Amino acid sequence: MSVSFKLAWRYLWGRKLRTFLTTLAVIFGVMLIFGLNGMLPGMIDAFNRMLLGAAGQVDLSVTSASSGYFDSSIVDKVRNVNGVAAATPSLRRTVGMPTGSALGTVMVVGIEPRSARKVHDFQQQSGRFLAGSDRGVVVIGTDTAGELGLRLGSKLTIPSVAGTRSFEVIGLLGNASSPGASEIYMSLADAGMLVGQPGKVSTVEGRFVTGVDRAAVESRVRRALGSDYTVGGLSTESQLLASLKVGQFSMTMFGVFALIMGGFIILNTFRTLVSERRHDIGMLRAIGARRRTILGVFLVQSLVQGVLGTALGLLAGWGLALLAVNALVPIWRTAMHMDVTIKPVFTPGNWAVSIILGMGVTILGAIIPARQAANITPLEAMRPQMAEVADRGHKKLVLVGWTLLAVSVPLLFITGNTSAIGMGAVLFLIGMILVAPALIAPLSNLFARLLRVTSPATAELSSSNLTRQPGRAAATASAILISLAIVVAIIGLLNSIFAGFFSYIDKSLGSDFVAIPQGLIIGGSHVGADQNLVNEIAGTPGVGDVATLRLGAGKINDGEVQIIGVDPVMYPKVASFTYSSGTSVADVAMLGKGRTMLVNGIYSAQNGVSVGQTLQVETPNGLKDYKVVGIATDYLNAKLASTYISQDNLESDFGVTTNVLVLANAETGASIPMVKARLERLFRDYPQFILYDSKDFKDSQVKLIEAEMPIFYVLIGMLALPTLLALLNTLAISVLARTREIGMLRAVGATRRQIKGMVVAESLLLAGVGVSFGIAGGLVLGYALTFATDAMFPMPYVFPWMGIITAIISGFTFALLAALIPSRQAAKLDIVEALHYE
């Protein structure tokens, strides 16, 4: 092994540029996997801390199994359980603060003061704590007071379902707020009135008797309460968290694709290394070196590069995650009205996947060339390797590639099945990679015709250089294919999604006026408004039809789901859903006939739900059977698993009567600006809402999307970068492999400028082949991704003209950049030294 290590180190150190470029490919892939997947757990952790931070350190937490509110009398059952020393009810709700507040959200905590102090350790710093008879007063932490600029006696204005309410600060707590939450403590009665749930609580918390068996006490509590309650945890808004976690798979796939591109670069490098070192290998075999020693030389080299690339990739990924989360904080504040501190979180799984893939791809990329090197006999090493011999090995793989391409066509365009289309896209990309060696010659000759117009000799030499080594050119073209295919596909998917969402806006939020939550996501930090506001809106001169959305929470098959209440009569007059699976606007009226529901596309796709099924929904009033009468999606809930029922059923089964979104039309002939001005006066007391007319709302969404686009541009740029690495690596290898040939060209009169032109032309030809492959792969991959998205929320397929233009520009720009260093190196070669090069 010492001989293998010494030779491997000599080859690595002797070709520093090649070693750097190959290692850089590994660094890039590991960086994407580790960094992007370190960002999302941080986002999820921040979201959990914001929602659950006010729970405090308690021995026991009891919530409704349906994730809704329940009667406070349940606390008596908990207190009576053997082993429970104390229990207290509380009502917790994250509330969006008025625009301009120093904090985007606060956690309103309604408590029963006497019992709460038996469970929680409140460290009073100044003023006094709440008393049982208190109303209109609050106690807050010193850190929250500092953020809001409050002191004892100050007035704090908080949005409520009946308009804003002012509370006097009577006490400051010395202990800081829980991470991610700024608590505002008030009486249980005040909190119930504020969020529109009088007499209800969201949690019962308890403290155990010292020394008891905790598991046994929890078990007794479960038996005492029954299946309608969850013991041991608070709701985590799992539907929104599930949407965040969906991105984790996508981020991993981006990194895997990047590593696959790196694998092609590694394969290219080691193939060339074997070709260059055939004479050395033959000499080593002649003096007694075993096949295992030769194999070890190349595997040790790949191992060293894998360790180095993975280690540096992990470090670069940490930096990428840190930059990404810092960029996301202002977007969370704008889009979701949430004040969060996001830090990268690197899970053991992320570490393991990044290290295993980084090392694994590097070693796998070197195995085939290493085995080829080990199988070279001394006699074979003395003879030059002919291109025809190398081509022979590709023919079987090319045949397999054409077969895969033929199979992919019906899967993509005939079946209409999401899984089949996804499989078809994978087979198409693999087929393109396998047939690449057979297409190098015709495509390079095609692009060479364009170069012959300005430089016939250079075009001829460049084209022949590619066709002499079709395997090397095919590996580079395959790396470019994957890189640019992802770019084209993502741009196409984004165009389709944006086009689809704007059509959603026109349907589901297409009324003349929209009063929407501060954070764009229904529920969460939004307390809504009672029916009095809706009645005032309906009575405003110039206002026509008015409809609202209400929000509850339930469980179906142990999974949390949003339950959105609509009025089946009024809602169709001002808005509409986007329908799929044979559902039509007429099906909305069926919500008024018994316990029926619509489900949105993402819920249907995730849970395999179809029209006609009966779902058992866990509600605060027990299990209820709802029949699915259609599949429909609205704009705000397109990305969250949601169901829609009538507002009457939402009130009777879930106890929800507050409105979280208001839609209104103007009467025919009414002045939109004048009516809006009247409505704005009504909403002054409801700062949890933002009032838009239809044009302003669409403009606000365009601005939001434009604010997010730089993140996508960075991601697209990062995914295109392997094109540059692949070209640069291949050209550097090509110059080294043809050192003697370049010396001969210089000896017979070729100028430095002509040598430079030859390398640049070869880069452009290689880019032309790779871009062609990338566009073809990108169109198929983008189609498959759009179709997969369509299963969850219907989207139009938008042909990715911008993606194709981006692929062409980036591909040829990178080709020119990649040629800079190798072309200069080739032009500077000393003629005598080049002729003696081996």
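This is a predicted model, so every value here is computed, not measured.

The rules we used
Residues numbered from 1 in each chain as written. Predicted model: local features only at pLDDT ≥ 70, side-chain atom pairs only at ≥ 80, totals over all residues. Heavy atoms only, no water. Helix = DSSP H or I, 4+ residues; strand = E, 2+ residues; numbered from the N terminus. Buried < 20%, exposed > 50% of the residue type's maximum accessible area, 1.4 Å probe, protein only. Contact = heavy atoms within 4.5 Å. Areas by Shrake-Rupley, 256 points an atom, 1.4 Å probe, with all protein chains shown as cover. Core = buried A, V, L, I, M, F, W, Y, C linked by side-chain atoms within 4.5 Å. Expected span 1.5 Å × (residues − 1). Patch = residues over 30% accessible without salt bridge, like charges linked within 9 Å, V, L, I, M, F, W, Y side chains within 5 Å. Salt bridge = Lys/Arg side-chain N within 4 Å of Asp/Glu carboxyl O. Pairing = 2+ DSSP bridges. Lys, Arg positive; Asp, Glu negative; His and termini not counted. Charge placed at Lys NZ, Arg CZ, Asp CG, Glu CD. Phe/Tyr/Trp six-rings, centres within 6.5 Å; stacked < 30°, edge-to-face > 60°. Lys NZ or Arg CZ within 6 Å of the ring centre and 35° of its normal. Bend = angle between axes of the 7 residues up to and from the residue. Axes fitted to C-alpha atoms, helices over the stretch in contact; angles between N-to-C directions. Parallel < 35°, antiparallel > 145°, perpendicular 65-115°, else oblique. Left-handed = near helix turned anticlockwise from the far one by under 90°. pLDDT = per-residue confidence, 0-100.

**Q** So what's going on with the overall build of the chain? Residues and values would help.
**A** From N to C terminus, the chain includes 27 helices and 22 strands. Per-residue burial over the chain gives 55% buried out of 838 residues. Restricting the contact set of the chain to residue pairs at least 6 apart, pairs at least 24 apart contribute 83%. When the accessible area of the chain is evaluated, it comes to approximately 34700 Å², of which 61% is carbon and sulfur surface.

**Q** Can you break down the nonpolar core residue by residue, with the values?
**A** Counting 71 residues, the largest nonpolar core has Phe577, Leu598 and Phe773 as its most contacted members. Ignoring sequence-local partners within four residues, the contact set of leucine 598 consists of Phe577, Val588, Leu591, Val629, Gly630, Ala632, Thr643 and Tyr644. Grouped together as the second largest cluster of nonpolar side chains are 40 residues, Phe70, Val108, Val169 and Met186 included.

**Q** Residue-level account of helix 14 (residues 395–413), with values.
**A** Here helix 14 contains 19 residues, and its C-alpha end-to-end distance of 28 Å stays within 8% of the 27 Å for a straight helix at 1.5 Å per residue. Listing the buried residues of helix 14 in full gives Val398, Gly401, Leu404, Leu405, Ser408, Leu411 and Leu412.

**Q** Break down the environment of valine 759 for me, citing the residues and quoting the values.
**A** Tracing the backbone through its elements, the reader meets valine 759 in helix 25 (residues 752–792). Residue classification places valine 759 among the buried positions, given a relative accessible area of 1%. Along the primary structure valine 759 and leucine 816 are separated by 57 residues, whereas in three dimensions their C-alpha atoms are 9.8 Å apart.

**Q** So what's going on with a nonpolar patch on the surface? Which residues, and what values?
**A** Together, Phe5, Trp9 and Trp13 make up a nonpolar patch on the protein surface, roughly 390 Å² of accessible area in all. Tracing the sequence through the fold places phenylalanine 5 in helix 1 (residues 2–14). Residue class for phenylalanine 5 comes out partly exposed when judged on its relative accessible area of 44%.

**Q** Please provide a residue-by-residue account of the environment of valine 119, values included.
**A** Relative to the assigned elements, valine 119 resides in helix 4 (residues 113–119). Separated by 60 residues in the primary sequence, valine 119 and aspartate 59 have C-alpha atoms spaced 8.7 Å apart. For valine 119, the contacting residues outside a window of four places in its chain are Val58, Ala86, Ala87, Thr88, Glu205, Gly206 and Arg207.

**Q** Could you give an account of the pairing of strand 20 (residues 642–646), with specific residues and numbers?
**A** Of all the five residues making up strand 20, five are buried; the element is thus mostly covered by neighbouring parts of the structure. In this sheet, strand 20 lies alongside strand 17 (residues 596–599) in antiparallel orientation, the contact comprising two bridges. Bridge pairing links leucine 598 to tyrosine 644 in strand 20.

**Q** Which residues make up a positive patch on the surface, and what values go with them?
**A** On the surface, Arg752, Lys756, Arg824 and Lys828 cluster together into a positively charged patch. Tracing the backbone through its elements, the reader meets arginine 752 in helix 25. A residue is classified by how much of its surface remains accessible, and arginine 752, at 43% relative accessible area, is partly exposed.

**Q** So what's going on with the pattern of salt bridges? Residues and values would help.
**A** Under the criterion given, the structure shown has nine salt bridges. A salt bridge links arginine 222 to glutamate 218; the nearest nitrogen and oxygen atoms lie 3.6 Å apart. Linking arginine 222 with glutamate 218, this pair stays in helix 7 (residues 214–225), spanning four residues, or about one helical turn. Since its relative accessible area comes to 39%, arginine 222 is described here as partly exposed. Among the salt bridges present, the one from aspartate 693 reaches lysine 676, with a minimum N-O distance of 3.7 Å. Taken together, the residues span a long stretch of sequence, with aspartate 693 in strand 22 (residues 689–693) and lysine 676 in helix 22 (residues 672–683) at a distance of 17 residues. Exposure class is identical for aspartate 693 and lysine 676. Each is buried. Overlapping salt bridges, with partners in common, bring together Asp76, Arg79 and Glu112 in one network.

**Q** Describe the side chain of aspartate 653, and please don't skip the residues or the numbers.
**A** The topology assignment puts aspartate 653 in helix 21 (residues 647–654). Under the relative-accessibility criterion, aspartate 653 is labelled buried at 2%. Those residues in contact with aspartate 653, other than ones at most four positions away along the chain, are Arg595, Thr619, Pro620, Asn621, Lys624 and Tyr626.

**Q** Any chance you could break down the packing of aromatic side chains for me, citing the residues and the numbers?
**A** If you walk through the whole model with that rule in mind, you get nine aromatic pairs. The interplanar angle of 10 degrees and the centroid separation of 4.3 Å between the aromatic rings of phenylalanine 34 and phenylalanine 346 together place this pair among those described as stacked. Taken together, the residues span a long stretch of sequence, with phenylalanine 34 in helix 2 (residues 16–52) and phenylalanine 346 in the loop between helix 10 (291–336) and helix 11 (348–374) at a distance of 312 residues. Residue class for phenylalanine 34 comes out buried when judged on its relative accessible area of 1%. Through pairs of rings, three or more aromatic residues link up here, namely Phe34, Phe346 and Trp351. Between arginine 117 and the ring centre of phenylalanine 129, over which it is positioned, the NZ or CZ distance is 4.5 Å.

**Q** Provide a residue-level description of helix 11, including the pertinent values.
**A** An ideal rise of 1.5 Å per residue puts 39 Å on 27 residues; helix 11 measures up with 37 Å between its terminal C-alpha atoms. Maximal helix bending in helix 11 amounts to about 35 degrees, located at isoleucine 367; proline proline 369 follows within four positions. Listed as buried for helix 11 are Asn350, Ser354, Gly358, Met359, Val361, Thr362, Gly365, Ala366, Pro369, Ala370, Ala373 and Ala374.

**Q** For the packing of helix 18 (residues 531–538) against helix 22, give the residues involved together with the corresponding values.
**A** Put simply, helix 18 and helix 22 touch, their axes get as near as 10 Å, and they point 160 degrees apart. Considering the angle they form, helix 18 stands roughly antiparallel to helix 22. Read as a crossing pair, helix 18 and helix 22 show a hand that is right-handed. Where helix 18 abuts helix 22, its residues Leu533, Glu536 and Ile537 lie against Leu679, Leu682 and Phe683.

**Q** Explain the pairing of strand 21 (residues 659–666) to me, and be specific about the residues and the numbers.
**A** Among the eight residues that make up strand 21, eight are buried, leaving the element largely enclosed by the rest of the structure. Alignment of strand 13 (residues 513–517) against strand 21, held across three bridges, turns out to be antiparallel. Residue pairing across strands places valine 514 opposite leucine 663, the latter belonging to strand 21.

**Q** Outline the confidence of the model for the chain, listing residues and values.
**A** On average, residues of the chain score 78 in pLDDT, and 79% of them are at 70 or above. Every residue in residues 51–56 is under pLDDT 50, and counting partners more than four places away or in other chains gives 24 contacts.

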